[in-house]
Amino acid sequence: MTNKKPTKEQIYKDRIKAEILEFFQLNEETAWSLNQVHKAFAIRDRKTKDLFGDLMIELHKDKKLIRMSEGHYIIDASTEFLEGRMDHVNVRFGFVVVEGREGDILVNARDMNGAIDGDTVKVLVSTKKKKSTDRTEGEVVEIVRRGRAEIVGTIEIMPNYAFVTASSKKIFGDIFVSKNDLKNAQHGDKVIVKITKYAEDERKMEGIVAEVLGKSGENNTEMHAILAEFGLPISFPVNIEKEADNIPTKISASEIKKRRDFRKTTTFTIDPVDAKDFDDALSFEFLENGNYEIGVHIADVTHYVTPESALEQEAFMRATSVYLVDRVVPMLPEKLSNGLCSLRPNEDKLTFSAVFEITPQAKVVKEWFGRTVIHSDKRFSYEEAQEQLTINNEQLTVNSNSSDEFVLDAEEIEILKKAKSQKPKAESQNNFRKELNILNNLAHKLRADRFAKGAVNFETVEVKFQLDENGKPLGVYQKVRVDAHKLIEEFMLLANKKVAEYVFNLKKSEPRNTMVYRTHEAPDPEKLKNFSTFAKRFGYNVDTEVGRISTSFNALMHDVEGKPEQNILENLAVRTMSKAKYSTDPIGHFGLAFPFYSHFTSPIRRYPDMMAHRMLQHYLDGKEVLEKAPWEMRCKHSSEREKMAAEAERASIKYKQVEYMSTMDEDKVWDGIISGVAEFGIFVEITETASEGMIRMMDLKDDFYEYDRENYRIVGQRNGKVYTFGDKLQVKVKECNLARRSMDLLLVGANGKVQRGGERTSRRDDSRRKSKDSRGGNPKGGGKNPRSGDRKKRR
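Owing to the predicted nature of the structure, the values given are computational and were not obtained by experimental measurement.

K.L.:
Hey, could you run me through the overall build of the protein in this one?
P.N.:
In terms of regular secondary structure, the protein is built from 18 helices and 33 strands. By residue count, 55% of the 795 residues in the protein fall in the buried class. The contacts in the protein between residues at least 6 apart in sequence include a share of 69% that link residues at least 24 apart. Within the structure as shown, the protein displays about 36100 Å² of accessible surface, and the carbon and sulfur contribution to it stands at 48%.

Below you can see the structure in the form of structure tokens.
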């Protein structure tokens, strides 16, 4: 049932009440008479005085003001105003997220007073107003700033009008569009609608079609709609492309003279098979003392993208490349991302490097940072590099888990030194096998050292798709991480850590050098407790004691590998952890067990890495401490954009999962695991495809089920049957709704029959949905969508 919206008169009264309360809050130690309040607000007319009197009586009845014996009023100390962002997770309620405050504020739909998801609002909070969950509740008293000027959705055209149903699962009201404002949109098109009036009283939002994205269901249309939904750009402005095109491609001799030259050193890249933006390379050299010199060479993006340029402003605005299922939306134009800055083989390239002398025991004994020039000998895909590692292990019988070191004798070192001095260098595959093998052994030792110091091993399942030429999914599979992935990861982690340590330790006194850090706080104890309870339902014990968390989590990740519950528990574990973010405060990285950590290794696709390059060069040049405030602002912006990009990536994966499931045999029975429980149904993850759907309460017809929030389960009133988090069951697909990126499931009983809640609907329904409960979770518990892996791990 839809909550009745407040009238204009009620909204006006609520605003006056909020102003009265704010006045008392600012003067919290003073008691005021009604006449004194009138004077303070400069009220002279009788009608407004009466209104103030009535509202103060209401505030007293609501226990927000205290009435003294002499008739004066004073603020109730338990009342406060807070400002935050509205997160409208469900048609019946939302949360106001206040920066820096532990715990969000629950706001019922009837108390939102016209606010929609993404709005910045002022909320009236009473710490006395709590339910048994001990959750603070509040009421929106002012919309400070609208978060959305445009909304993406599907347009439906009627004889006399049209309306747009939002694609976002957090926008619950349709937008009315006049037939004169369609911009040639056709029924069923995906459009961007510009809001001209927000919902007020009983009136819906109104808008005009700003852009027609195309026909719903077409791959390009849907991917563009996802980008638009999250406020991400689809293409570059003409002036940005033009500025990139005007950058000279030739590297001058004078520029090379300024740099350390690695062009004669064996160098290669390892990236995904379909990658074009190669932003990191490794160089390898045997040293006479038996150690190795390993260079981590990163594209020198800031050589080409200068401060105050239009390219710089565009890179800052985007802050990150976006990786959807079928495409990359780059942070930089293709001329830079896939051309000038990409460390392609057999080309001279400008780089910013971290160079380490490392012992065979993986101990760093020397380090150097600075600008370089390289010439990559080979571009490996992960699969090709892994094949070489496999050959190495077979031919050289090197066990990466062994304590034995793979060390060349003096004769081999001389041969390699001689070969290195000649051109062409290291052209044959065999000349790379030894280097790759040694790097792999070192990576294993670096990794083992991290875990020994308390790092947490999170390797969430990454869902990948096989697509046809039109972007339709032909298959879905889960990416397997092998040693080649981990080899690159470890040396990138090493460079990021050492850069952060170098900048921090360069100045011993306060104020320390300002730097962009990638920070990760320890997990919240309450979240840890909840996760431990979840894991126990699968038969796993998680120790939540300080100092034991990482060891316990790592043991769990090892134990669940290959099990049906692996994806659920890995994703729940990730959500239990605090979110990593960018900051100028060096508080460390809990998950990696690094006291100092930055992002230095991916400037083609991350703006914070560009920041790190500029800051490192600033300090290498011996300059003074940078002012903290503007860099902190950039860090905050980058964290916010990263979150938006991740949400868009997940939305594209969810869309393709639902699209793939819609093509399956409707009678196919799928194995699944209950991944969440809410009062309106149970969420089930289908093990084979890692896709999540819902069995609604109304489709469980064998009994009336009650939601047991405390125990994460639903219980049948008559038969006592229990469905709880972690239970294994079988399902069939009832409906795949591509427009909502959602999937409804039906439970298959022990007899193989489906429990039905009415007529079976179309399994591929792009039309409007009357029931929208599945758009969000539950304030007291409920399932969430699994987090898909990223192209490269966000550490």
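K.L.:
It is not clear to me how the packing of aromatic side chains should be interpreted in this structure. Could you clarify?
P.N.:
The geometry of an aromatic ring pair comes down to the distance between the two centres and the angle between the two planes. This model, assessed by the stated rule, comprises 25 aromatic pairs. When the centroid spacing of 5.6 Å and the interplanar angle of 90 degrees are considered together, the rings of F380 and F432 count as edge-to-face. With F380 in strand β21 (residues 378-381) and F432 in helix α12 (residues 430-452), the pair connects residues that are 52 residues apart, well separated along the chain. A centroid spacing of 5.8 Å and a plane angle of 85 degrees characterise the contact between F538 and F725, whose relative ring orientation is edge-to-face. Here F725 lies in the loop between β31 (722-724) and β32 (728-737) and F538 lies in the loop between α14 (525-537) and α15 (549-560), a separation of 187 residues in the sequence. The exposure class of F725 is buried, given its relative accessible area of 3%. Residue placement shows K378 over the ring face of F380; its charged tip is 5.1 Å from the ring centre. The ring of Y582 carries the charged tip of R518 above its face, separated from the ring centre by 4.5 Å.

K.L.:
How should the pairing of strand β20 (residues 364-375) be read in this particular structure?
P.N.:
Regular strands place their side chains on alternate faces of the sheet. Judged from the 2 bridges that link them, strand β13 (residues 260-261) and β20 form a sheet pairing that is parallel. Opposite R260, over in β20, you have T372 as the bridge partner. Here strand β19 (residues 348-358) runs beside β20; their pairing, made up of 11 bridges, is antiparallel. Of the residues in β20, the one forming a bridge with I358 is V364. Linking two consecutive strands that pair antiparallel, namely β19 and β20, is a turn of 5 residues; a positive phi of about 70 degrees is found at A362 within it.

K.L.:
Can you help me understand the nonpolar core in this one?
P.N.:
As a rule of thumb, nonpolar side chains are buried together in soluble globular proteins. In this structure, L282, L336 and F491 are the most contacted members of the largest nonpolar core, which totals 82 residues. Broken down by element, the residue count for this core peaks at 11 residues, all from helix α13 (residues 483-506). Residue contacts for L282: discarding those within four places in its chain leaves T266, T267, F268, G295, V296, H297, L439, L487, I488, F491 and M492. M664, I682, M697 and M743 belong to the second-largest nonpolar core, a separate cluster that totals 41 residues.

K.L.:
Sorry if this is basic, but what is going on with the packing of α14 against helix α16 (residues 566-576) here?
P.N.:
Relative placement of two packed helices is described by the angle separating their axes and the distance separating the axes. The N-to-C vectors of α14 and α16 enclose an angle of 170 degrees; their axes lie 9 Å apart at closest approach. By the angle between their directions, the pair α14 and α16 is classed as roughly antiparallel. Every residue of α16 that contacts α14 at K527, L528, F531, F534 and A535 is listed here: L569, L572, A573, R575 and T576. Among the residues making up the contact of α14 with α16, the classes are represented as 7 nonpolar, 1 polar and 2 charged.

K.L.:
Help me understand the pattern of salt bridges, please; the structure alone is not making it clear to me.
P.N.:
In a structure, side chains of opposite charge can pair up when their charged atoms sit close to one another. If you walk through the whole model with that rule in mind, you get 44 salt bridges. With a closest N to O distance of 3.7 Å, E255 and K258 form a salt bridge. E255 sits in the buried class, given a relative accessible area of 12%. A salt bridge links D300 to R259; its shortest N-O distance comes to 2.7 Å. With D300 in the loop between β16 (292-299) and α7 (301-304) and R259 in the loop between α6 (253-257) and β13, this pair connects stretches of sequence that are 41 residues apart. Taking the relative accessible area as the measure of exposure, D300 reaches 1% and is therefore buried. Look at the salt bridges and you will find they share partners, linking E255, K258, R259, D300 and R371 into a network.

K.L.:
Sorry, what's going on with unusual backbone geometry here?
P.N.:
Keep in mind that most residues, glycine aside, have a negative phi and that most peptide bonds are trans. The linkage connecting E510 with the following residue, P511, adopts the cis geometry, with an omega of -5 degrees. With respect to the helices, strands and loops of the structure, P511 is situated in the loop between α13 and β24 (517-519). Positive phi, normally seen in glycine, also occurs at A362, with a value near 70 degrees. Locating A362 in the fold gives a position in the loop between β19 and β20. The buried category is assigned to A362, whose relative accessible area is 10%. For A690, which is not glycine, the phi torsion reads 55 degrees and is therefore positive. You can see A690 is positioned in the loop between β27 (681-686) and β28 (691-696).

Criteria and thresholds
Residues numbered from 1 in each chain as written. Predicted model: local features only at pLDDT ≥ 70, side-chain atom pairs only at ≥ 80, totals over all residues. Heavy atoms only, no water. Helix = DSSP H or I, 4+ residues; strand = E, 2+ residues; numbered from the N terminus. Buried < 20%, exposed > 50% of the residue type's maximum accessible area, 1.4 Å probe, protein only. Contact = heavy atoms within 4.5 Å. Areas by Shrake-Rupley, 256 points an atom, 1.4 Å probe, with all protein chains shown as cover. Phe/Tyr/Trp six-rings, centres within 6.5 Å; stacked < 30°, edge-to-face > 60°. Lys NZ or Arg CZ within 6 Å of the ring centre and 35° of its normal. Pairing = 2+ DSSP bridges. Core = buried A, V, L, I, M, F, W, Y, C linked by side-chain atoms within 4.5 Å. Axes fitted to C-alpha atoms, helices over the stretch in contact; angles between N-to-C directions. Parallel < 35°, antiparallel > 145°, perpendicular 65-115°, else oblique. Nonpolar A, V, L, I, M, F, W, Y, C, P; charged D, E, K, R; others polar. Salt bridge = Lys/Arg side-chain N within 4 Å of Asp/Glu carboxyl O.

Any functional reading would require information beyond the geometric quantities listed.
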